[in-house]
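Commentary on secondary and tertiary structure
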Amino acid sequence: MDRPLRLPQQDRADFETALSRALELPQVRAALQQSGDGAHGAERLRRQAREHAEYVLAAASPEYERYAALRADADALARLPVDAPGRERLSGWLGVLALIVPIVAGSAAAVFLLLGYGLRLTDSLEVLGEALSGAGWIAAAVALASALAGGLGLLRAAARPRPAESPGGAGVVDGGLEEARSAWRAALTERGLVPFLVARAGAGDGGGEAVSGFRPRYTSPDFETDV
């Protein structure tokens, strides 16, 4: 059974991708052909690379440490509370003005006008009916004015160009993080996986024995492959 990789979950897929690509490289395939192994040899090397992943990972520890540090910074930045931009707050208020106020004022206008013109048909309540009719027309004017003002404000807010990101914004952070990830994967393949696989290609099926013929070129006592 394969030993589980001592890596954070989000890095295991990168390790597996780099391992699959390394097994297809010409120098690894040539070493397998010289040893007389075929597909069985490739699966043996895959298993041994997983079992001795700590040796392979140590060869790319400087790149991984930089990548892990940048990822931690990006995660911390993403968790910071961000105030809504003034443009979004303005759009919210304009949305209330353009939607809720016209609905409320229009409903009030309809009620006042119906009651007002209905009461004006009776002699005893004609004065009250005229007052309600006047209030209804005022409410109708408010509804129309608020709808126009809110609609124009929303159009202006939507047409306003977005401010450009600052040089130290999230786009630069994400770009540096992706660059560090690519550098780690390249170092993992070139300095870790390929030398290990070539050294183990002719060593036979001895997954439990000590790793021979391979020493990582870069090691760091502070490199952690498990969290």
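Residues numbered from 1 in each chain as written. Predicted model: local features only at pLDDT ≥ 70, side-chain atom pairs only at ≥ 80, totals over all residues. Heavy atoms only, no water.

1. Digging into the overall build of the chain
Basically, it comes down to this: Strands here mean DSSP runs of E at least two residues long; helices mean DSSP runs of H or I at least four residues long; both are numbered from the N terminus. Residue contacts are defined here by distance: any two heavy atoms, one from each residue, within 4.5 Å place the two residues in contact. Note on areas: these come from Shrake-Rupley sampling with a 1.4 Å probe, and a residue is covered only by the protein chains present in the view.
Secondary structure summary: the chain contains 8 helices and 0 strands in total. When the helices and strands of the chain are placed in sequence order, the string is α-α-α-α-α-α-α-α. Restricting the contact set of the chain to residue pairs at least 6 apart, pairs at least 24 apart contribute 78%. In the structure as shown, the chain presents an accessible area of about 13800 Å², 61% of it carried by carbon and sulfur atoms.

2. Re the nonpolar core
Basically, it comes down to this: In plain words, nonpolar cores are sets of buried Ala, Val, Leu, Ile, Met, Phe, Trp, Tyr and Cys residues tied together by side-chain atoms within 4.5 Å. The classification of residues rests on relative accessible area computed with a 1.4 Å probe and restricted to protein chains. Under 20% of the type maximum is buried, over 50% is exposed, and intermediate values are partly exposed.
Core analysis: the biggest nonpolar cluster contains 29 residues, and Phe-15, Leu-188, Leu-193 and Leu-197 have the highest contact counts within it. For this core, the leading source of residues is helix α8 (residues 170–201), giving 10 residues. If near-sequence neighbours (up to four positions away) are discounted, Leu-197 is found in contact with Leu-19, Ala-22, Leu-23, Val-28, Leu-45 and Ala-49.

3. A few points about helix α1 (residues 9–23)
The line we're drawing: By this rule the span expected of a helix is its residue count minus one, scaled by 1.5 Å. In this description, one arc is meant: the one made by directions from the helix axis to the C-beta atoms.
With 15 residues, α1 extends 22 Å between its outermost C-alpha atoms, agreeing within 8% with the 21 Å of an ideal straight helix rising 1.5 Å per residue. Within α1, burial applies to Asp-11, Asp-14, Phe-15, Ala-18, Leu-19, Ala-22 and Leu-23. Projected onto a plane normal to the axis of α1, the buried residues spread over an arc of 165 degrees and lie on a single side. In α1, the exposed positions that point more than 90 degrees away from the buried face belong to Gln-9, Gln-10 and Arg-21.

4. Comments concerning the packing of aromatic side chains
Keep this limit in mind: Centre distance within 6.5 Å is the pairing criterion for rings of Phe, Tyr and Trp, where only the six-membered ring of Trp is used; planes under 30 degrees apart are then read as stacked, over 60 as edge-to-face, and the remainder as tilted.
Following the criterion strictly, the structure yields 3 aromatic pairs and no others. On the numbers, 5.8 Å between centres and 20 degrees between planes, the contact of Tyr-67 with Trp-184 is stacked. You can see Tyr-67 sitting in helix α5 (residues 61–79) and its partner Trp-184 sitting in helix α8, a full 117 residues away along the chain. The pair formed by Tyr-67 and Trp-184 is uniform in burial state, with each residue classed as buried.

5. Things to note about the environment of Glu-178
In this structure, Glu-178 sits in helix α8. When the C-alpha positions of Glu-178 and Tyr-67 are compared, they lie 8.5 Å apart, and in sequence the two are 111 residues distant.

6. Considerations on a nonpolar patch on the surface
Here is the rule: Note on patches: the residues involved have over 30% relative accessible area and no salt bridge, like charges join within 9 Å, and the nonpolar side chains Val, Leu, Ile, Met, Phe, Trp and Tyr join within 5 Å. Just to be clear on terms, a salt bridge is a Lys or Arg side-chain nitrogen sitting within 4 Å of an Asp or Glu carboxyl oxygen.
Residues Leu-99, Ile-100, Ile-103 and Val-104 make up a contiguous nonpolar surface patch of about 390 Å² in total accessible area. Structurally, Ile-100 is set in helix α6 (residues 86–119).

7. Thoughts on the pattern of salt bridges
Evaluation of the coordinates by the stated rule reveals 9 salt bridges. For Asp-14, the salt bridge is made with Arg-185, and the minimal N-O distance between the two is 3.5 Å. Of this pair, Asp-14 sits in helix α1 while Arg-185 sits in helix α8, and the two are 171 residues apart along the sequence. Overall, the relative accessible area of 3% leaves Asp-14 in the buried class. One salt bridge connects Arg-181 with Glu-178, and the closest N-O pair in it is separated by 3.9 Å.

8. With respect to the environment of Ser-61
Along the chain, Ser-61 falls in helix α5. Counting along the chain gives 123 residues from Ser-61 to Trp-184, while the straight-line C-alpha distance between them is 8.2 Å.

9. Brief notes about the environment of Ala-105
Structurally, the position occupied by Ala-105 is in helix α6. Owing to a relative accessible area of 11%, Ala-105 belongs among the buried residues under this scheme. Counting along the chain gives 36 residues from Ala-105 to Ala-141, while the straight-line C-alpha distance between them is 8.5 Å. If we skip the residues at most four places from it in the chain, Ala-105 touches Ala-139, Val-142 and Ala-143.

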